[in-house]
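Per-entry structural report
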Amino acid sequence: MSSVTDPAPPAASGGRPLAERTSATPAQLHEWLRQMLLIREFEVRTMQAYQDKKIGGFCHIYIGQEAVAVGCTAAVQHADPVVTAYRDHGHALARGMDPKYCMAEMFGRIGGCAKGKGGSMHMFDKPNNLFGGHGIVGAQTPLGAGLAFAKKYQDEVIEGGVNKHVTLCFLGDGALNQGGFYEAMNLASLFDIPVIFVVENNGYSMGTSIERGTSMSHRIIAKGEGCGIKGYEIEGMDVITVYEEMKKVADTARAESRPAMVDLRTYRFKGHSMSDPRKYRTRDEEEHWETGDPITRLRDAMIGGGLIDTDGFKALNKAQKVAVREAITWAENSPEPDLSELYTDVYVEKFGPYTGTSMPQIVTDAEESR
Amino acid sequence: MSERIIEFRDALREAMSQEMHRDPRVFLLGEEVAQYDGAYKVSRGMLEEFGPRRIIDTPISESGFAGMAIGAAMLGLRPIVEFMSWSFSLVAADPILNNAPKMLYMSGGQFGCPIVIRGNDGAGGQLGSTHSWCVEGMFSNVPGLKMAIPAFPDDAKGMLATAIRDDDPVFFLESERLLAMKGHVPEGDHYVPFGKAVVRRPGTDVTLVSFGRPVHFCLDAAEELAKEGISCEVIDGRTIRPLDIDTIVESVRKTNGCVVVDQSWSFGSPGSEVAAQVHAHCFDDLDNHVMRVHSADVPTPYAANLEQEYLPNARRIAEAVRSSLYVA
Ligand SMILES: Cc1ncc(C[n+]2csc(CCOP(=O)(O)OP(=O)(O)O)c2C)c(N)n1
Ligand SMILES: [Mg+2]
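What follows is about the site of ligand 1. Neighbouring residues of ligand 1: 21 residues in total, closest A:Y86, A:R87, A:G174, A:N202 and B:E62. The side chain of A:D173 places a nitrogen or oxygen atom 3.0 Å from an oxygen atom of ligand 1. Look at ligand 1: alone it shows 590 Å² of surface, and the protein chains cover 95% of it. Classifying every residue of the shell around ligand 1 gives 9 nonpolar, 8 polar and 4 charged.

The structure is reproduced here in structure tokens:
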């Protein structure tokens, strides 16, 4: 079954009462709705800022895939590492990054999460255990195995206990075709590394549909199975489903200290990057997926379950708009990096023209508030 | 000069098209080159012109498809590999550095590697440090490969056509920043020989040597400096391997000064190589040591202001020229 031509029907699991579908508390559901609304609004403003030339470089929009980042991060603990590719704003916000640092990063300001040195594709958040934002397709997959290796090493070798952690390593369906990913999977299986390779299968890598670019596209988890890694296929447009299924995957990976691979079927509603006219897919296909909008689905489920009413939803949405507006103002007021910043953070040590390193505001602020 | 004016990207395509019509062994492969018309529209229309057997969309598997093309070249085909960006060639480092340039040598002359690898190179688009590589710094270190880096549309066509006909592996470095640049480009066969630098602007006080996009920074700086009464001769090196040291030496013997402008990092770079060779050939002709302007010796930053300062921009070139001429 292909994710592109045959998406899951929008209301696949929507019929049953909420309480039967999820163990999540009303507060959790509210939080997911809030996060998805925040990401959506953030991305809409990001597109505007890009068009206004306040943001440069490559910029990849997460609209449509919100349920993936939100549901997956909810299924693990805050101390569990997360690493992803360049379509990373959603993961940063779902992980808890204040949108002001994310926006300032894209504005190239000193208040950005990486002091404006990384840009849209390279979001890092140490206090929230987000280890990037990585621009080279597939680059994060061996890193993900390494993060999980380190956590297990800390738990078992340094602390002398048992593994307590699991790492979320997100990748696009296009990254399935990078050699490094196969090496990472083999290592993870061989060394019993608890990393979950979450494939955000949105059906396309740039203009190439998964059928055109990837063998076994109807069953990509076979690639993990070839390494002895358990695979799961999960419908990715419904945050409750993502959470419930990912919770099981994560709990198992943590308990067994084993890797897993997840094929999360989703769709990016916008172009690949800001300069993509999307001629490789039909408007019909887009509309089909848009009817399964993850925000609408959670909203309707919560209204149906009596957890929110229309006014409550509107108020929540408005609050996110305010939050993003404040983030933009904050980012605009953050100064450009001083030119001397060129030579900071190159080496830890000071020598020659290099002036050592320091933590960005996202870290010092977190330390102060602790 | 040709009357016709076209974009740099179209000049590249014309070279590929003409050579593909001439030689059925030539084919193009890379990400998005066929149905998408190329991520930067360089191969626009080529799928219709040549069909999917010769214009081949690949998955994001640089190591795999570059290695595959090298194997095909060993058997006598003449592949053109497009990397969307040379920054993505790093995941294919082994095939392109360990196989392509050494195959002839390792096989004692039995198997050559007539391949062209082309794509965007260089910073300037706020793409951050993973996507802004200037690979001429690292890759020009490797014997067995040729390296071409055109700065103008007519050279884009003439040098790419020469690259495709070349029997050795050619690393062809384009700049995304130049793809929309327009210029006169001859319509028919047009071949620019490798190892022939060209004087882009004659001058008398100092020789500026550069390759690729920074040639334009040099021309901008020369324009500014002319207002101060400083006359710069600007040389566009065109190919880094082979390097046309003769044209450079001839110019330096006339001007008695030399500033090399190279967008890669300074340490072990084409710029340091040119400087060393000029010192060796022109020791007695120089009024000052050769000066070099490179990208700052740090990873490429994203922030617009940092990136501008990072580049070997016209201001930094002008400063180096004044310093070279002892002008305060
Ligand atoms: C090694 C490498 N090759 C090519 C690129 C250019 N590129 C950036 S994103 C992309 C498509 C990736 O698609 P996918 O993995 O499905 O992720 P999505 O964009 O759908 O989130 C390509 C080809 C790159 N960044 N790195
Ligand atoms: Mg994709």
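From this point, the discussion proceeds with the structure in view.
Turning our eyes to something else, we now look at the pairing of strand β10 (residues 206–210) of chain B. All names here are of chain B. Burial analysis of β10 places 5 of its 5 residues in the buried class, the great majority of the element. A two-sided burial pattern is seen for β10, the buried positions comprising V206, L208 and S210 on one face and T207 and V209 on the other. Relative to strand β11 (residues 232–236), β10 runs parallel, the two being bridged by 5 bridges. Residue S210 lies in a different strand from β11, and its bridge partner there is D236. In terms of handedness, the path from β10 via helix α8 (residues 214–227) over to β11 forms a crossover that is right-handed. Looking at chain direction, β10 and strand β13 (residues 258–261) are connected through 4 bridges and run parallel. In the strand pairing of β13, L208 is matched with V259.

For chain B, the mean per-residue pLDDT works out to 97, and 100% of the residues sit at or above 70. Taken together, the chains of this predicted complex give a pTM of 0.96 and an interface ipTM of 0.96.

Residues and elements named next belong to chain B. Contact geometry of helix α1 (residues 8–22) with helix α7 (residues 153–165) gives a least axis separation of 8 Å together with a crossing angle of 30°. By the criterion of interaxial angle, the relationship of α1 to α7 is roughly parallel. Considering only the axes of α1 and α7, their crossing is right-handed. Where α1 approaches α7, its residues F8, A11, L12, E14, A15, M16, Q18, E19 and R22 are matched on the opposing element by P153, A156, K157, L160, A161, I164 and R165. Its residues assigned to classes, the contact of α1 with α7 shows 10 nonpolar, 1 polar and 5 charged.

Residue and element names in this part refer to chain A. With respect to the secondary-structure elements, D80 resides in the loop between α3 (66–74) and β1 (82–83). Judged by relative accessible area, which is 0%, D80 ranks as buried. Of the polar contacts made by the side chain of D80, one reaches the backbone nitrogen of V166; its length is 3.2 Å. The residues touching D80, leaving out its near neighbours within four places in the chain, are R95, N129, K164, H165, V166 and R254.

Looking now at the sheet that holds strand β14 (residues 291–293) of chain B. All names here are of chain B. Read across the sheet, 5 strands follow the order β9-β11-β10-β13-β14 without closing on themselves; strand pairing throughout is mixed. Two strands lie at the open edges of the sheet, namely β9 (198–201) and β14, each paired on one side alone. Strand-to-strand twist in this sheet, taken as the mean axis angle between neighbours without regard to direction, amounts to 25°. Helix α9 (residues 245–255) rests against β10, β11 and β13 of the sheet, and its axis sits at about 175° to β11.

Turning to the layout of surface pockets, a few remarks are in order. All names here are of chain A. In this structure, the second largest pocket spans a volume of roughly 880 Å³. Lining the second largest pocket we find 35 residues, and of these A114, K117, G118, F124 and D345 sit closest to its centre. Class assignment for the residues of the lining of the second largest pocket results in 17 nonpolar, 12 polar and 6 charged.

Parameters at a glance
- Residues numbered from 1 in each chain as written.
- Chains lettered and ligands numbered in written order.
- Predicted model: local features only at pLDDT ≥ 70, side-chain atom pairs only at ≥ 80, totals over all residues.
- Heavy atoms only, no water.
- Near = heavy atom within 4 Å.
- Polar contact = N/O pair within 3.5 Å; in protein donor to acceptor, adjacent residues only side chain to side chain.
- Areas by Shrake-Rupley, 256 points an atom, 1.4 Å probe, with all protein chains shown as cover.
- Nonpolar A, V, L, I, M, F, W, Y, C, P; charged D, E, K, R; others polar.
- Buried < 20%, exposed > 50% of the residue type's maximum accessible area, 1.4 Å probe, protein only.
- Helix = DSSP H or I, 4+ residues; strand = E, 2+ residues; numbered from the N terminus.
- Pairing = 2+ DSSP bridges.
- Right-handed = clockwise from strand over helix to strand, strands pointing away.
- pLDDT = per-residue confidence, 0-100.
- Axes fitted to C-alpha atoms, helices over the stretch in contact; angles between N-to-C directions.
- Parallel < 35°, antiparallel > 145°, perpendicular 65-115°, else oblique.
- Left-handed = near helix turned anticlockwise from the far one by under 90°.
- Contact = heavy atoms within 4.5 Å.
- 1 Å grid on protein atoms, 1.4 Å probe; cavity = no way out; pocket = protein on both sides within 12 Å on 5 of 7 lines; lining within 4 Å.
- Points joined across faces, edges and corners; volume = space filled by probe spheres on them.

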